[in-house]
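# Commentary on secondary and tertiary structure
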Amino acid sequence: MSTDRRSFIKHGLAAPFGAALLGKTAAAAAQQRPSAAPASTAQDRPRAPAKVPYKRIATEEAWASREIFEEYRKLLASGPVDPGFEAQWGSLRGGIEGSRIAGKLIELGEPRIADMDAAGIDMQILSLTAPGVQVFDPQTATRLAALSNDQLVEAIRKYPTRYAGLAAVAPQDPSGAAKEIERAMTRLGLKGVIINSHTQGEYLDDQKFWELFEAAEAFNAPIYLHPQTPGPGMLQPYLSRGFERAILGFAHEVAFHTLAIIEAGVFDRFPRLRLVIGHGGEGLPYMLYRIDYMHRRGPRTRPQFAKRLPSEYMRENIYITTSGLAWAPAITMAQSVLGVDRVLYAMDYPYQYDIEEVTLTDEFPISLEDKTKLFQTNAEQVFALKS
Ligand code: CA
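Residues numbered from 1 in each chain as written. Predicted model: local features only at pLDDT ≥ 70, side-chain atom pairs only at ≥ 80, totals over all residues. Heavy atoms only, no water.

## As for the pattern of salt bridges
Inspection of every chain in the model, using the stated rule, returns 14 salt bridges. Among the ionic pairs, Asp117 bridges to Arg162, the shortest N-O distance being 2.8 Å. Here the residue Asp117 occupies a position in helix H7 (residues 110-119), and Arg162 occupies one in the loop between helix H8 (138-158) and strand E3 (163-165), the gap between them amounting to 45 residues. Of the charged contacts in the structure, one is a salt bridge between Glu244 and Arg245, with a shortest N-O distance of 3.6 Å. Judged by its relative accessible area of 8%, Glu244 is buried. Within the structure, one salt-bridge network assembled from shared partners comprises Glu71, Lys74 and Arg143. (Salt bridge = Lys/Arg side-chain N within 4 Å of Asp/Glu carboxyl O. Helix = DSSP H or I, 4+ residues; strand = E, 2+ residues; numbered from the N terminus. Buried < 20%, exposed > 50% of the residue type's maximum accessible area, 1.4 Å probe, protein only.)

## So, the sheet that holds E3
Spatially, three strands are ordered E1-E2-E3 in an open sheet, and the strand pairing comes out parallel. Two strands close off the open sheet at either side, each with one partner strand: strand E1 (57-63) and E3. Strand-to-strand twist of the sheet, defined as the mean angle between neighbouring strand axes without regard to direction, takes the value 35°. One ladder, built from five bridges, connects E1 with strand E2 (residues 123-128); its direction is parallel. What sits directly across from Ala62, in E2, is Ser127. (Pairing = 2+ DSSP bridges. Axes fitted to C-alpha atoms, helices over the stretch in contact; angles between N-to-C directions.)

## A closer look at the packing of helix H14 (residues 284-296) against helix H16 (residues 328-338)
Packing of H14 against H16 brings their axes to within 9 Å, and their N-to-C directions diverge by 45°. On the basis of their axis angle, the class for H14 and H16 is oblique. Taken together, the residues of H16 that come into contact with H14 (itself represented by Pro285, Tyr286 and Leu288) are Met333, Ala334, Val337 and Leu338. Across the contact of H14 with H16, the residue classes break down as seven nonpolar, no polar and no charged. (Parallel < 35°, antiparallel > 145°, perpendicular 65-115°, else oblique. Contact = heavy atoms within 4.5 Å. Nonpolar A, V, L, I, M, F, W, Y, C, P; charged D, E, K, R; others polar.)

## Concerning the pairing of E2
Of all six residues in E2, six are buried; the element is thus mostly enclosed. Alternating positions in E2 separate into two faces, Met123, Ile125 and Ser127 on one and Gln124, Leu126 and Leu128 on the other, with burial throughout. The sheet contact formed by E2 and E3 spans three bridges and is parallel. In the strand pairing of E3, Leu126 is matched with Gly165.

## Concerning the confidence of the model for the chain
Summary statistics for the chain give a mean pLDDT of 91 and a share of 86% for residues scoring 70 or more. Counting contacts from residues 15-42, a segment whose pLDDT is below 50, to residues more than four positions away or on other chains yields 26 contacts. (pLDDT = per-residue confidence, 0-100.)

## Considerations on the coordination of the calcium ion
Taken together, the protein donors to the calcium ion comprise Glu60 (OE), His226 (NE2) and Asp348 (OD), at separations of 2.1 to 2.4 Å. Considered as a linear motif, the donors of the calcium ion on their single chain read E-x165-H-x121-D. Of this pair, Glu60 sits in strand E1 while Asp348 sits in the loop between strand E9 (343-344) and helix H17 (355-362), placing them 288 residues apart in sequence. In this structure, Glu60 and Asp348 share a single accessibility class: buried. (Donors = N, O, S within 2.8 Å, 3.2 Å for Na, K, Ca; no water.)

## Observations regarding the sheet that holds strand E7 (residues 275-277)
Taken in spatial order, the six strands make up an open sheet running E4-E5-E6-E7-E8-E9, and their pairing is parallel. Two strands in the sheet have a free side with no partner beyond their single neighbour: strand E4 (167-168) and E9. Across three bridges, E7 lies against strand E8 (residues 318-321) in parallel orientation. Bridging across to E8, Ile277 finds its partner in Ile320.

## Remarks on the environment of His279
Looking at the element boundaries, His279 is found in the loop between E7 and H14. Sequence spacing of His279 and Leu325 is 46 residues, and the spatial spacing of their C-alpha atoms is 5.7 Å. Apart from residues lying up to four places away in sequence, His279 is in contact with Glu60, Pro227, Thr321, Ser323, Leu325 and Asp348.

## Comments concerning the nonpolar core
Counting residues in hydrophobic clusters, the biggest one holds 104 residues, and the most contacted among them are Phe69, Tyr72, Trp89, Val133, Phe213, Ile223 and Phe383. No other element matches the seven residues that H8 contributes to this core. In this structure Phe213 touches Leu204, Ile223, Ile261, Val266, Phe270 and Leu273, once residues within four positions along its chain are discounted. (Core = buried A, V, L, I, M, F, W, Y, C linked by side-chain atoms within 4.5 Å.)

Structural data, given as structure tokens:
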């Protein structure tokens, strides 16, 4: 990585400007950079992560089963599919073996552990990759969610110190999803729930899904709300510009979904419910002032509105992770508005497997105490992991 890229990632557009924004700590941290660290090599090799006094627990790490990919292939062969799904997994028409990323996703054995070792990752919290089972009919989705959870538990039993996992559920069948949350939390030892945003264009602010929230709250299961392509009603302008995935569409999709859940009053009804969102909070921490401001003006067309300010739920019910955003200005900003206890480390393996980003995150201009929270203890607390 070039010195320019490293400086941009650590401080922002221009190092002095970024350092000024972050205050003295950033400038001091910049000066403390180990002078022996190579700026780049001929091969532009990533620096191996240093030994650190905290565990690195990565909290948004993807996997998939061969069975799910086979069902995706059947779906693709069955006729026209949602163009968002086509954009994400149309490549599977060429077979699972033809997709490098699909190969990485179904690998839960030694090759994945070796990637973790090379990146200095002690533990991955695994979740079924987007869109999970949410594209199927309710029966298929419920069956595949349970099968995936059983397979995930097998992998965790093989590597109990390296993996933990979140349960897949089928929101298409809210009662079935609630039962699966109970099974996952009481019998399987999973640590929460993964939901890959909309389910065939439907969002969880619709009360028909709230049985699922009730179960998550009752069994103390944090729900990781992970992106997928925007719902069918919003997709076209993104698709025509190539923005439907991680460059922008994913963040808009989850920011929209999260605010919809907040404003529907989900946290008023389920005050102990916890949501986790990735990618630095998908832009929401940065926008909170304006979101609160407009919330205070009240609903224009909606029949109801959350009782409190959106920022209050963000600070009490929602956690964010750093997945795909190894960028000090964004993450320290989120820590400053949400609190250091609410921001967790994630890599976004295998989609953004970038070893250098681990080092960049190690070098964030924050105290060792806050770094330990970021990488280790916040995840242990949110997902009830043994330290
Ligand atoms: Ca991800």
